[in-house]
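Structure at a glance
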Amino acid sequence: MPDRPSLEGLETKWDRVWAEQGTYRFDRSKSRSDIFSVDTPPPTVSGSLHLGTVFGYVQFDSVARFWRMRGKEVFFPVGWDDNGLPTIRRVQNLFGVRCDPSLPYEAGLAIEPDPSADRPLSRRNFVEVCDRLTAEDEKVFEQVFRHVGLSVAWEQTYTTISRRSQRVSQRAFLRNLARDEAYLSEAPTMWDVDMQTAVAQAEMEDRPTSGAYHKLRFHRRDGNDLEIDTTRPELLAACVAVVVHPDDERWKTLVGSEVTTPLFEVAVPVVAHPLADPNKGTGVAMICTFGDSTDVVWWRELGLPMRSIVQRDGRLQGEVPDWFETDAARSAWASLAGKPTKAARRAIAELLAASGEMAGDPRPIEHEVRYYERGERPLEIVTSRQWYIRNGSRDEDRRRALLEAGTELRWHPEFMRIRYEHWVGGLNGDWLVSRQQYFGIPFPVWYPLDADGVVRHDRPITPEEDSLPVDPQSEAPPGFDESQRGQPGGFVGDPDVMDTWATSSLTPMIAGNWEDDPDLFERVFPMDLRPQGPEIIRTWLFSTLLRSQLEHGVLPWSNASINGWVLDPDRKKMSKSKGNVITPEALITEHGADGVRYWSCSAALGTDTAADPAQMRVGRRLAIKILNASKFVLGRAMPGGEVSEPIDRGMLARLATVVGEATASFESYQYQQALERTESFFWSFCDDYLELVKSRAYGGEAPGAASTASARSALALALSVQLRLFAPFLPFVTEEVWSWWQDGSIHRAPWPDPVELDVRATDDPAVLDAVAGVLAAVRRTKTAEKRSLRAPVARLVVSGPEETLTALRAAQGDLLEAGNVAELVLVEGEPAVEVALAAEDEA
RNA sequence: GGGCGCUUAGCUCAGCUGGUGAGAGCAGCUGGCUUACAACCAGCAGGUCGGGGGUUCGAGUCCCUCAGCGCCCA
């Protein structure tokens, strides 16, 4: 035990010891019932770890540590999500490279970061840069996780782009395909024109965007105009019909007739559909292929033709639409061809104004427009061939089964379940899992070419499971060789990669090494806990549950805990775009890992919490207090001796209650309550109990006395229990103190049990309360008189009910010593304390 | 527009199934070198529990309503 204990260096020291001794290593010889397995959220790999990630991880780390001490073998792997668009973007921006799949691979190419380079790379070179960058980032992430003391089993680490993840993803997909849970379909799809990829429902968001209503004049057969408001006049050439509400009296007679579009003079039918809003604009809307998702519904339900003009790069097509019939229309197209939609909107407004077919000027409005959550321009809708996984949106039985599964899952906090139910209830399409990207997990599928060289998408060729992972772009399918690629009678590889959620939805299977290590998988799956953030209930939680239901027919875990947001000190959500992100590393260095952990664990599950350095300082002070109190206790510890004094037994009785409460709190995932109870006991232990028994514990003239032994034993026992109660929250300081007097790691020591405290029916915490109450009154008087706390008290008169007096008599010696009281008088009567200090010169 | 959560001392938050005069920490103020701790200790002060209505013997705690904040979904 050091003379002046300090927190300096504890993090480095214990991180090294834990690694050397394998303190958190997973012992796979344990059986499922002795294992607590956690499906941890793989952080997206980027330049810096988000404080919110550390916040959430620390919270469930405390839960994992509790179960480990409770005797469970904890399966606590960590994954790095290095797959997908965030990595692509980062590589593009940092290295100034872009992927051009037509380029050949250049071996040994050295790429240095140069954001302005705009250098094209082959797919394989591009992936190499991705791999290199993510490997560096992951090292930095691991360092932060170690620094903050996460009890991760590092030997179980996985990454979402690794060969193992690819194998699991492809195998699970092939099984979905074999069971007809996955299918290929050509359909209108939400499309990000910058990233050049399809986007799933779960990844879209609406953002307020400025636009303008343009009032277009369509022409009726009777010579009158039909005015239609639209925010997307540039899609006029894609107009396939105009629509009104079936009950709208103003337009009823028009339904079934034809009108011609302004400018392009294309005849389109007037149709009726309940989704047309009579209160919007003139009550007439144009249907284009496609302006928004309502257009898709109309197009499908009304059997309208396809007239697509927006290309995948977000520009209008160059060639004149072949449904144009007049020279005027064709020449009008010249000023629109090839323009991005926004520019085309301005151009067509000018054309319409010039031809007199727009009423008035455009009227600016703010409206909600759909974006990819990581995208910058509004999504377009294009028709493309994509892979889908059935998710219950078009199958009520499946939807019901998924909702049912949601009720079986235990949610912490409970109200988060509703977010899941709303998401499942509101699903309106199957899960689009394919992405048109270069860095990702390929679909393990090829397509034959018939004798005419036509791709037969209806007859996909799949590999054997034991050949996974495969890359259909560089490997030939079974029964073919590479020379037949693209040849009539040969094959082509599926060009797409999987959505990152298609991989992340398999984390329990990746971490458990599904199929490759059935022995391990059986011991950890289904898992006990899925901890995660609230914003990915609709994505990660739902998709994992879905994949598990499809593959295994069971819930992937029995519990889901949902952490809250970290807000900045002004209570705004932290985000990179606002520039208010605080890095965890700086906070850990400044306030210590235990300080940062204390702050995280003070926040309840699901509760948004401000990043509060003050709270971290409190945690740090608590850790220092633990060092100092332990130094005192262990300076004269005497474990094993009999605890005989009523006040000592009363303290232990109260501690037994705290142990019971902390245990129950942890079992229901309310770690913050366990921390609060433990901490509040600890402070009164230090301020009251310790002060009261201090002089008896010193021993004075009779160090061998039974009363001295009682105090010393009680102190040692109470310290041991409290250290273990704190261990899940403050792993560094508790391990340090533990090492002063115990063998082995505290993190593998048994969780305290009230039985250890040997509480008897006659032990009463009220003794401690009564004495502490009187001591407080003595302190109050001394402080009010501006005297030292050591100032002698000549006479102390306490009146109160008989029980109080009995309690005080039982601890009279401690009270006299702690208050430096010369004479104590106990009187039965109304509760009152009278303190007469000795005159100052007598001190 | 719908859903969920939140609104308690200057600040950050506890207050679990309604029941002794509403709690903690931080900040503030007043004191104290006391042999675990001055990165400390002791004490004081500070709140009509967002507004309004209701249920009840009794409501911060349940119900209704309004307002504000946050998130999610249309």
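How each quantity is defined
- Residues numbered from 1 in each chain as written.
- Chains lettered and ligands numbered in written order.
- Predicted model: local features only at pLDDT ≥ 70, side-chain atom pairs only at ≥ 80, totals over all residues.
- Heavy atoms only, no water.
- Helix = DSSP H or I, 4+ residues; strand = E, 2+ residues; numbered from the N terminus.
- Buried < 20%, exposed > 50% of the residue type's maximum accessible area, 1.4 Å probe, protein only.
- Contact = heavy atoms within 4.5 Å.
- Polar contact = N/O pair within 3.5 Å; in protein donor to acceptor, adjacent residues only side chain to side chain.
- Arc of directions from axis to C-beta.
- Salt bridge = Lys/Arg side-chain N within 4 Å of Asp/Glu carboxyl O.
- Pairing = 2+ DSSP bridges.
- Disulfide = S-S within 2.5 Å.
- Phe/Tyr/Trp six-rings, centres within 6.5 Å; stacked < 30°, edge-to-face > 60°.
- Axes fitted to C-alpha atoms, helices over the stretch in contact; angles between N-to-C directions.
- Core = buried A, V, L, I, M, F, W, Y, C linked by side-chain atoms within 4.5 Å.
- Parallel < 35°, antiparallel > 145°, perpendicular 65-115°, else oblique.
- Nonpolar A, V, L, I, M, F, W, Y, C, P; charged D, E, K, R; others polar.
- pLDDT = per-residue confidence, 0-100.

Description of the overall build of chain A
From N to C terminus, chain A includes 24 helices and 29 strands. Along the first, second and third principal axes, the C-alpha set of chain A runs to 115 × 65 × 55 Å. By residue count, 54% of the 843 residues in chain A fall in the buried class. Taking contacts inside chain A between residues at least 6 apart in sequence as the whole, the part at least 24 apart equals 75%.

Quick notes on the side chain of S505
Here S505 lies in the loop between α11 (500–504) and α12 (507–511). Judged by relative accessible area, S505 falls into the buried class, the value being 1%. There is a polar contact of 3.1 Å between the side chain of S505 and the backbone oxygen of A502. Residues contacting S505, with those up to four places away along its chain left out, are W431, W540, S543, T544 and R547.

Looking at the side chain of R65
Counting through the fold element by element, R65 comes out in helix α2 (residues 51–69). Looking at R65, the relative accessible area reads 1%, which means it is buried. At a separation of 2.7 Å, a polar atom in the side chain of R65 contacts the main-chain carbonyl oxygen of G149. Ignoring anything within four residues of it in the chain, the contact list for R65 reads W18, Y24, G149, L150, S151, R597, A727, P728, P731 and H747.

Focus on helix α23 (residues 802–810)
All buried positions along α23 are accounted for by L805, A807 and L808. Within α23, the buried residues cover an arc of 160° as seen down the axis, which keeps them to one side. Turning to α23, the residues buried within the fold contact α22 (766–784), β27 (793–800), α24 (812–819) and β28 (824–828).

Some remarks on the pattern of salt bridges
Oppositely charged side chains can form a pair if their charged atoms are brought close together. A full pass over the atoms with the stated rule returns 60 salt bridges. Residue R217 pairs with D225 through a salt bridge whose shortest N-O separation is 3.9 Å. Here R217 falls in the partly exposed class, since its relative accessible area comes to 23%. Look at D225 and you get partly exposed, because its relative accessible area is 36%. We note a salt bridge from D327 to R330, for which the minimum N-O separation is 3.1 Å. Of the two residues, D327 and R330 both sit in helix α7 (residues 327–333), three residues apart, roughly one turn of that helix. Each member of the salt-bridge network shares a partner with another, and the members are R167, R171, R175, R179, E181, E465, E515, D516 and E551.

A closer look at the sheet that holds strand β8 (residues 197–198)
Pairing is antiparallel across the open sheet formed by four strands, whose spatial order is β8-β7-β16-β18. The sheet is open, and its two borders are formed by β8 and β18 (431–432), each paired with just one other strand.

Here's the deal with the state of the cysteines
As enumerated under the stated definition, the model contains zero disulfides in all. Of all cysteine sulfurs in the structure, the one in C99 sits closest to C130, which takes part in no disulfide; the separation is 8.5 Å. Looking at the unpaired C239, the closest cysteine sulfur is the one in C288, lying at 5.0 Å. Overall, C239 belongs to the buried group, its relative accessible area being 1%.

Digging into the packing of aromatic side chains
Under the definition given, this model contains 35 aromatic pairs. When the centroid spacing of 4.9 Å and the interplanar angle of 70° are considered together, the rings of F26 and F75 count as edge-to-face. With F26 in the loop between α1 (10–21) and β1 (35–37) and F75 in strand β2 (residues 73–75), this pair connects stretches of sequence that are 49 residues apart. For F75, a relative accessible area of 0% corresponds to the buried category. Ring centres of W80 and F145 lie 5.4 Å apart, and the angle between their planes is 50°; on these two criteria the pair is classed as tilted. Pair noted here: W80 is in strand β3 (residues 79–80) and F145 is in helix α4 (residues 123–147), with a separation of 65 residues, a long-range link. Judged by relative accessible area, which is 0%, F145 ranks as buried.

With respect to the sheet that holds strand β24 (residues 557–562)
With respect to topology, three strands assemble into an open sheet ordered β17-β24-β23, the strand pairing being parallel. Of all strands in the sheet, those bounded by a partner on one side alone are β17 (410–412) and β23 (527–532). With direction set aside, neighbouring strand axes in the sheet form an average angle of 20°. Across the face of the sheet, helix α14 (residues 537–552) comes into contact with β17, β23 and β24 while running at roughly 165° to β23.

Looking at the nonpolar core
Ranked by size, the top nonpolar core spans 116 residues in total, and within it I626, M651, L655, F685, L715 and L796 carry the most contacts. The element best represented in this core is helix α19 (residues 671–698), accounting for twelve residues. Sequence-distant contacts of I626, defined by excluding residues within four places in its chain, comprise F682, L723, F726, L730, V733 and V737. In this structure, C99, I161, Y372 and V424 belong to the second largest nonpolar core, which totals 100 residues.

Comments concerning the packing of α1 against helix α21 (residues 731–741)
In the contact formed by α1 and α21, the axes pass within 10 Å of each other and the chain directions differ by 75°. Compared by their axis directions, α1 and α21 come out roughly perpendicular. Here L10, E11, K13, W14, D15 and W18 of α1 come into contact with α21, specifically with P731, F732, V733, E735, E736 and S739. A per-class count over the contact of α1 with α21 returns six nonpolar, one polar and five charged.

Some remarks on the confidence of the model for chain A
Residues of chain A with pLDDT of at least 70 account for 98%, and the chain-wide mean is 90. The ipTM assigned to the predicted complex is 0.94, against a pTM of 0.89.

Some words on the environment of K342
When you line up the elements, K342 lands in helix α8 (residues 341–355). Here K342 falls in the exposed class, since its relative accessible area comes to 60%.

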